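Secondary and tertiary structure notes
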Amino acid sequence: MSEVAAAAPALAGAATPGRTRRLPRLRPGPLLGAAIVLLLLVCAVAPDWVAPYSPLKFDYRGTLRPPSWAHPFGTDNFGRDILSRVIWATRIDMQIAIFSTLFPAVFGTVAGCLVGYFGGVADLLFRRLVDLVVTVPFLVLVIAIVAVLGPGLVNMYVAVSAVGWIFYARLMRGEILAQKRRDYAAAGRVMGYGWPRIVFRHLLPNAISPVLVFWMTDMALCILLGSSLGYLGLGAQPPTAEWGVLIADGKNFMTTAWWMSIFPGMAIVLAGIGFSLLGDGVAALVRRR
Amino acid sequence: MGIVGRIGLRLLQIVPTVALVAVLMFALMRLLPGDPAIQLLGDRATDASLARLRHEMGFDRSVSAQFWSYLEHVATLRLGDSITMHVPVTRLILDRLPITLMLTGMATVLALLIAVPLAFVAALREGGAVDLAIRMLGQVGLSMPVFYLGLILLITLAAGLGWFPVGGIGGGFVENLYYLFLPALTLALSLAMVLMRNLREALIEVLHAEFVQFATAKGLRRRLVLGRHVLRNALVPTVTLLGLQIGSLVGGAVITESVFAIPGVGRLMIDSIFARDYAVVQGLTIVLAVLVSLVFLLVDTVQGLLDPRQEAA
Amino acid sequence: MTSLLEVRDLAVQIGPARPVDGVSFALARGEVLGIVGESGSGKSLTLRAILKLLPGIARTSGAALWQGRDLLAMPEAEIRRLRGREIGMIFQEPMTALDPVLPIGLQITESLGEHLALHGAAARRRAVELLDLVGIPGARRRLDSFPHEFSGGMRQRAMIAIALAGEPKLLLADEPTTALDVTIQDQILRLLLRLRDELAMSVILVTHDLGIVAGTCDRVAVLYAGRIMETGPTGAIYRTPGHAYTLGLMRSVPHRALARQRLQGIPGVPPDPGRMPPGCRFAPRCTLAVAACHQAPPPLRPLGPTHATACLRAEAVAGMAAVAA
């Protein structure tokens, strides 16, 4: 079969004659992902521009209205425009995506670098920690921590950060261990560079790609997690407009006003798709290097 | 080493991990700021009632004394009494565990029933329209939170069409198969999307493997080539993934039980959190850690059966 | 003498490339034919095309007549029954060609069930006989062993046993010894010759090693860039090579009696299958090439009763070979 494989690059070459250095092809998936994420960011930054109504304006004469031209997503039990509430909720959910991953990504990366480079007792302890985190379901651990701290967005960030960094650190540690075996790391030591320079100037940039890709995926996961906790009443608290909270709001009207829960859920799905498609694009870009 | 010896060794390896979980939970529950007694009884509780509760919970003793008695309890599987329900935590958990086990078990079976055929169809038509549709379905499925999926199924199949009960459980095993079907399907769909994606990749890789071509060159029927050689090999990484997904599955069960009002350990967990019943939260976390460890062990054993090369490793 | 297998004008098209282009040869009953060429010459593709094992993107044309019936025109169900039963095949690397998660015994008995309707204990008995036949010691115990528990040479023997399960009349061997140590190579080649005699089987042996051909094959076809350069009896080709490429191959082997080593020594690399030269495909690398060589692909022409070449400079080549000898 090696001959079929051998013929393949030749075909690719024949298909694009004369082009010596190919530009990264713009694939539809990542492009769509970028567009979705951009749309969500616009909603998050300027919801008052995008949303047709105030998310808080009650209208007792127009409660539980099904989707119409005036209210594309319908209205809730207080007559509030659901589209506007979904748009305002974007701000909270984007915040969740960023705040739940920022600390874990940064701290986890640095921690992973250090354990990976130095090994020893710290590495031993870290590996036990990984065993532990793998053994207790992530959601259960986060819920247990939130239970102690009390429900709420900030406590949720604390809980997710307290556990989440370990995944980044594990990823980074593996990469650093692989990079350490390469010649240039030894060369750095021979030249008498200090460890901070070797670790952060030489090893880290070569090992960071998988972490960046994971960061994208993690943002999608954290939106799902944040909305789940919001739904359970452990994350964002009503009356804050958050997608999970909006879905929970509509739960009691499930049979009479399905639109109250269904549309906020679509926003979650859209965000999840956006971030993971973008993540695929980043992964493809990184692999090209 | 025989298979029994290996399993025994792995069982022993679970002990330190679970002990570590227990220590962590103790630290989490006792060392964080705040007085659980005040949190439990509220600001307006009298000093006398607070003192009584603290004594009941053992909080009036030194931290190290509490720690040792706690470890002793965990080791002997006495997880203390529920603060709010005044029932031994172990009893409480054991009463509800079967429902959760049944739910996750059904979900796993359903997930495989969904993922394996879809992955097969996609892999055999790699790059085609059907493959694209299945991959898009997977992408949407992966982005769909469990509670939302559950609500949709609830609205359409249970409340709308009336095919299934809207929640709760039935009176016996057979009735529960019916009551738990929709929640299990919810969990299964989430799990199936992850499995499908992975299995599709694995199948595509195996389909291009030389041993598949050799099996074809032997003149075996296509069904035998696919069913015996391709599937068997592709299942090896999928079983690994299935094991790694057990955490998500348990997390998903916690949420699903809330959506469908199922009295399993997941629902117990959420209820206990709102009731600030730390003894139950703590006990549950430890029990779930033991369960997950046992599943890892099971997956390792199945791996050994599926892939003889693992035994040497 | 009617041919067991006759391949006529076989071509494999993958996209715009034609890595096999107009290959014809015939094989008599009981004969061992060597197909020699560098990697990328299309020799493995040729073997796979005959059994219709190529993936969908590869399109095959021409004919492969098996006892008069065209394999390439056969419906899948029919050729499937023929694979393993009439024509067996062994691959280069037994480690990747054997299913890693199934015991060897099962990999034999599944073929027995498929082709000979042998099942259960009868199949296991036959499997032991087959492992004995290919010289695997302790055959009965090895039935439940997995591929990774065998040594390289034993794995190749096991693969041969599997291929023999359907009692084929022809064995296609795709570089069966390339992955093995030199001493093991000899054992496997001797095994193939013994099986040919004992089972009255024909063999097509694909290799890049001219040395292997010398001691094993009755006839040789030399393949280069998807075309047959020269074909004839092994002895004749060694005595009087009729193609500049064959000569180049032989020169890269110091002495034919010791010839057990990789090809080397021809300057340049084979052409890109997407951009074949218009004339003789070897012409760009050929030191003997004249203007005519670059214009049109030379057809095969007879040099003797069963010896043919596609070289315009065959006479010059013969002269050079004589000087060298």
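Right above here is the structure, for reference.
Residues numbered from 1 in each chain as written. Chains lettered and ligands numbered in written order. Predicted model: local features only at pLDDT ≥ 70, side-chain atom pairs only at ≥ 80, totals over all residues. Heavy atoms only, no water.

1. Notes on the interface of chain A and chain B
Taken together, the contact pairs 43 residues of chain A with 45 residues of chain B. Taken together, the two surfaces of chain A and chain B that pack against each other cover about 3,600 Å², and 81% of this comes from carbon and sulfur. If you sort the residues of chain A by the area they bury against chain B, T135, V148 and M254 of chain A come out on top, with a joint share of 17%. If you look at where chain A meets chain B, you find zero salt bridges. With eleven residues, helix 12 (residues 259-288) of chain A is the largest single contributor of residues to the side of chain A that touches chain B. Classifying every residue of the side of chain A that touches chain B gives 28 nonpolar, eleven polar and four charged. (Contact = heavy atoms within 4.5 Å. Buried area = accessible area lost by both parts, 1.4 Å probe. Salt bridge = Lys/Arg side-chain N within 4 Å of Asp/Glu carboxyl O. Helix = DSSP H or I, 4+ residues; strand = E, 2+ residues; numbered from the N terminus. Nonpolar A, V, L, I, M, F, W, Y, C, P; charged D, E, K, R; others polar.)

2. What about the packing of helix 4 (residues 82-118) of chain A against helix 10 (residues 209-232) of chain A?
Residues and elements named next belong to chain A. One way to put it is that helix 4 packs onto helix 10 with a least axis distance of 8 Å and a crossing angle of 135°. Viewed along their axes, helix 4 and helix 10 adopt a mutual orientation that is oblique. Where helix 4 crosses over helix 10, the two elements pack in a sense that is right-handed. When helix 4 is examined against helix 10, the residues D93, M94, I96, A97, S100, T101, L102, A105 and T109 are found in contact with a partner set consisting of V211, W215, D218, M219, C222, I223, G226 and S227. Classifying every residue of the contact of helix 4 with helix 10 by side-chain character gives ten nonpolar, five polar and two charged. (Axes fitted to C-alpha atoms, helices over the stretch in contact; angles between N-to-C directions. Parallel < 35°, antiparallel > 145°, perpendicular 65-115°, else oblique. Left-handed = near helix turned anticlockwise from the far one by under 90°.)

3. Things to note about unusual backbone geometry
The residue after P238 of chain A, namely P239 of chain A, is reached through a cis peptide bond having omega 10°. With respect to the helices and strands, the residue P239 of chain A is situated in the loop between helix 10 and helix 11 (243-251). In this structure, D9 of chain C takes a positive phi of about 55° despite not being glycine. Within the secondary structure layout, D9 of chain C lies in strand 1 (residues 5-14). At A225 of chain C, a residue that is not glycine, the phi angle is positive and equals roughly 50°. Since its relative accessible area comes to 5%, A225 of chain C is described here as buried. (Buried < 20%, exposed > 50% of the residue type's maximum accessible area, 1.4 Å probe, protein only.)

4. With respect to helix 11 (residues 222-244) of chain B
In this model helix 11 of chain B runs 32 Å from its N-terminal to its C-terminal C-alpha over 23 residues, within 8% of the 33 Å that 1.5 Å per residue would give. Listing the buried residues of helix 11 of chain B in full gives V225, L226, H229, V230, L231, N233, A234, V236, T238, V239, L241 and G243 of chain B. (Expected span 1.5 Å × (residues − 1).)

5. Comments concerning the pattern of salt bridges
Following the criterion strictly, the structure yields 33 salt bridges over all chains and no others. Notably, a salt bridge pairs K218 of chain B with E110 of chain C, separated by 2.7 Å at the nearest N-O pair. Residue K218 of chain B is found in the loop between helix 10 (210-217) and helix 11, and its partner E110 of chain C is found in helix 4 (residues 104-116); the two belong to separate chains. No difference in accessibility class separates K218 of chain B from E110 of chain C, as the two residues are buried. E114 of chain C is the salt-bridge partner of R221 of chain B, the closest N and O atoms lying 2.8 Å from each other. Note that R221 of chain B is positioned in the loop between helix 10 and helix 11 and E114 of chain C in helix 4, a pairing that runs across two chains. A relative accessible area of 43% places R221 of chain B in the partly exposed class.

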